Amino acid sequence: MPEPYFLNVNGIEHEVTDPDVAESLLFVLRERLGLTGTKNACTEGECGSCAVLVDGVLTCSCLVLAATAADREITTVEGLGATAADSEITTIDGRDGLSAVQEAFVDAGAVQCGFCTPGLIVAVHDLLEANPEPSDGDVREALSGNLCRCTGYGRIIAAVHEAASRRRGGQ
Ligand code: FES
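To start, this report covers the structure provided alongside it. Please read all numbers here as calculations on a predicted model, not as lab measurements.

Moving on, we get to the overall build of the chain. Counting its secondary structure elements, the chain contains six helices and five strands. Secondary structure elements of the chain, listed N to C terminal, follow the sequence β-β-α-β-β-β-α-α-α-α-α. By the compact-globule yardstick of 16 Å for 171 residues, the chain fits well, its C-alpha radius of gyration being 16 Å. Overall size of the chain, expressed as C-alpha extent along the three principal axes, is 55 × 30 × 25 Å. Classification of the 171 residues of the chain by burial places 43% in the buried group. For the chain, the computed accessible surface area is about 8700 Å², with 49% contributed by carbon and sulfur atoms.

With that out of the way, let us pick up unusual backbone geometry. Positive phi values are uncommon outside glycine, yet Thr43 reaches one of about 55 degrees. Since its relative accessible area comes to 46%, Thr43 is described here as partly exposed. Even without a glycine there, the phi angle at Asp55 is positive, about 50 degrees. On the secondary structure map, Asp55 appears in the loop between β3 (51-54) and β4 (57-60).

Right, let's get into the environment of Ile121. Mapped onto the elements of the fold, Ile121 is located in helix α4 (residues 117-130). It is 26 Å that separates the C-alpha atoms of Ile121 and Val16, two residues lying 105 residues apart in sequence. Residues contacting Ile121, with those up to four places away along its chain left out, are Val77, Leu80, Val101, Gln102 and Phe105.

Turning our attention to the nonpolar core. Ranked by internal contacts, the top residues of the largest apolar core, which has 25 residues, are Val101, Phe105, Val124, Leu128, Leu143, Ile156 and Val160. Elements that contribute at least two residues to this core include exactly β3, α3 (100-107), α4 and α6 (154-167). Leave out the neighbours within four places in its chain, and Val160 touches Val124, Leu127, Leu128, Val139 and Leu143. Among the nonpolar cores identified, the runner-up in size contains 16 residues, and Val16, Leu35, Val52 and Val54 belong to it.

What counts, and where the lines are drawn
- Residues numbered from 1 in each chain as written.
- Predicted model: local features only at pLDDT ≥ 70, side-chain atom pairs only at ≥ 80, totals over all residues.
- Heavy atoms only, no water.
- Helix = DSSP H or I, 4+ residues; strand = E, 2+ residues; numbered from the N terminus.
- Rg over C-alpha atoms; globule rule 2.2 N^0.38 Å.
- Buried < 20%, exposed > 50% of the residue type's maximum accessible area, 1.4 Å probe, protein only.
- Areas by Shrake-Rupley, 256 points an atom, 1.4 Å probe, with all protein chains shown as cover.
- Contact = heavy atoms within 4.5 Å.
- Core = buried A, V, L, I, M, F, W, Y, C linked by side-chain atoms within 4.5 Å.

Given below as structure tokens:
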């Protein structure tokens, strides 16, 4: 029987007992830890719905064996709520707790069925941390690994620019 291991997810240590070494990080997050914000779709690293950050690197969690992520810092969409910087931004409609990126997605109508949204939110946070003022091309390239079947991407790209503006202090 493999030894239990620990996953650090959103700053919290979780013990994974009776582990199966073949389980993906995506599976463990959703089925063992109950963190269902990370979505399960293609399981081939093609759609981006399972995107998380592992030690700050954007990662398809379906392609990573969970045990190999032990003792690394994992951030899921559940860990990307409002930060201190975001709290400077006026929230509307009682949506406290949402990050600037999440708010911008709502305000821009960038969410339809919502299945792609958590992966996109993670990817956009990753983009804006590295590039606070991305061009349209930068946004399209950064999100090229995230498939959306509903929106046609126009409102998603608008949401990214709006989020970037809000994070830089605009409204
Ligand atoms: Fe439905 Fe993107 S909003 S897949």
